[in-house]
Amino acid sequence: MIGNRFQSISEILKSRINTPLVWGVLFLTLVLTTLFYFSQKQQVEIYSRYAETLSDYKFFETRVMRKMEQLRFSPETDSTLLMSSLRGLRETAVSIYAASESARNVEWMPPEQDFSLFETSVLGWVASVRRYAALRAKWLEDAKTFIQDVNRWNWKAASALIETLDSARIGIPVSVDDAALGSVPNTLADRYRELLARNVELSAIWDRIDNDESLLRCENLLQAFKMQMLKTREVKFWIQQVFYLVSIVLLLFTLFFVIRSRK
């Protein structure tokens, strides 16, 4: 009985293989297979990982900048946490660039130059932070020692110098006032000039730290990935809608084919 059934199906296919319904079923099956293939691509997951990593970078860099603001006014005795955060930021930038090079086979990626500029800006920013942290801590210690020494010399005459150093302590570039150094001993005057000159250098370094170039390049990459995620999700949405529509049409074609084969 089973053999007769298969034989009848074979005869039906042979007799009906040239009908439009059969070709329609084959075509729709091919379309569904193609749609299923494109719907399984994992671009959204890849872009989501990049966006998450870039968001984490922005968060940790903001935390580092808060610690740097504190460092401008009081030297930290333990900079282990700061150095660890800087290493993490540097490794994140390097890993993002390296991952982008190995992911060029993905359907879409931002230009390689954007990743390269981001890595370069982060490496330069981290190097500036490390240099500033060390120099600023040393400057604050030397300024504290100088204030103690000048107070021991003449605390009334030292008030103008101390006021100027207070302005320098909050990061303002201050020029030397020779009139205030009229009666100051040469050793103290030389130390005072050196402190102000070093403060000008530190202000220039701080300007490079606080220009937000690395954050800007990070934000550009982040927004590019977010926009592409939206586009990819929209494409997948329409693929799903077409998939459902073609499935219904395929079902109708199959029903018509069965009805005609029985007739």
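About the cut-offs
- Residues numbered from 1 in each chain as written.
- Predicted model: local features only at pLDDT ≥ 70, side-chain atom pairs only at ≥ 80, totals over all residues.
- Heavy atoms only, no water.
- Helix = DSSP H or I, 4+ residues; strand = E, 2+ residues; numbered from the N terminus.
- Buried < 20%, exposed > 50% of the residue type's maximum accessible area, 1.4 Å probe, protein only.
- Contact = heavy atoms within 4.5 Å.
- Expected span 1.5 Å × (residues − 1).
- Phe/Tyr/Trp six-rings, centres within 6.5 Å; stacked < 30°, edge-to-face > 60°.
- Lys NZ or Arg CZ within 6 Å of the ring centre and 35° of its normal.
- Core = buried A, V, L, I, M, F, W, Y, C linked by side-chain atoms within 4.5 Å.
- Salt bridge = Lys/Arg side-chain N within 4 Å of Asp/Glu carboxyl O.

Turning our eyes to something else, we now look at the overall build of the chain. Helix and strand content of the chain: eight helices and zero strands. In sequence order, the secondary structure elements of the chain are arranged as α-α-α-α-α-α-α-α. For the chain, buried positions account for 33% of its 263 residues. Long-range pairs, those at least 24 residues apart, make up 82% of the contacts in the chain between residues at least 6 apart in sequence.

This next bit is on helix α7 (residues 186-209). A rise of 1.5 Å per residue sets the reference length of α7, with its 24 residues, at 34 Å; its end C-alpha atoms lie 35 Å apart and thus fit the reference within 8%. Turning to α7, its buried residues number three or more, namely Leu188, Ala189, Tyr192, Leu195, Leu196, Asn199, Leu202, Ser203, Ile205, Trp206 and Ile209. Those residues of α7 that are buried are in contact with α3 (43-71), α5 (112-154) and α6 (159-169).

For the rest of this paragraph, the subject is the environment of Phe225. Mapped onto the secondary structure, Phe225 falls in helix α8 (residues 213-262). A relative accessible area of 0% places Phe225 in the buried class. A C-alpha to C-alpha distance of 9.8 Å links Phe225 and Leu54, two positions 171 residues apart in sequence.

A few words on the packing of aromatic side chains. Counted under the stated rule, the structure contains eight aromatic pairs. A network of ring pairs unites the aromatic residues Tyr47, Tyr50, Phe115 and Phe225 as a single cluster. Over the ring of Trp139 we find Arg136; its NZ or CZ atom is 4.9 Å from the centre of that ring.

Quick look at the nonpolar core now. Considering soluble globular proteins, one finds that nonpolar side chains tend to be buried as a cluster. Ranked by internal contacts, the top residues of the largest apolar core, which has 51 residues, are Met68, Phe118, Trp125 and Ile209. Elements with a contribution of two residues or more to this core: α3, α4 (80-102), α5, α6, α7 and α8. Of all the elements, α5 adds the most residues to this core, at 13 residues. Excluding its chain neighbours within four sequence positions, the residues that come into contact with Met68 are Leu82, Val129, Tyr132, Ala133, Trp206 and Ile209.

This brings us to the pattern of salt bridges. Tallied over the full model, the rule gives nine salt bridges. The salt bridge partner of Asp149 is Arg152, with a shortest N-O separation of 2.2 Å. Residue Asp149 and its partner Arg152 are located together in helix α5, separated by three residues, close to a single helical turn. Relative accessible area serves as the criterion here: at 62%, Arg152 is assigned to the exposed category.

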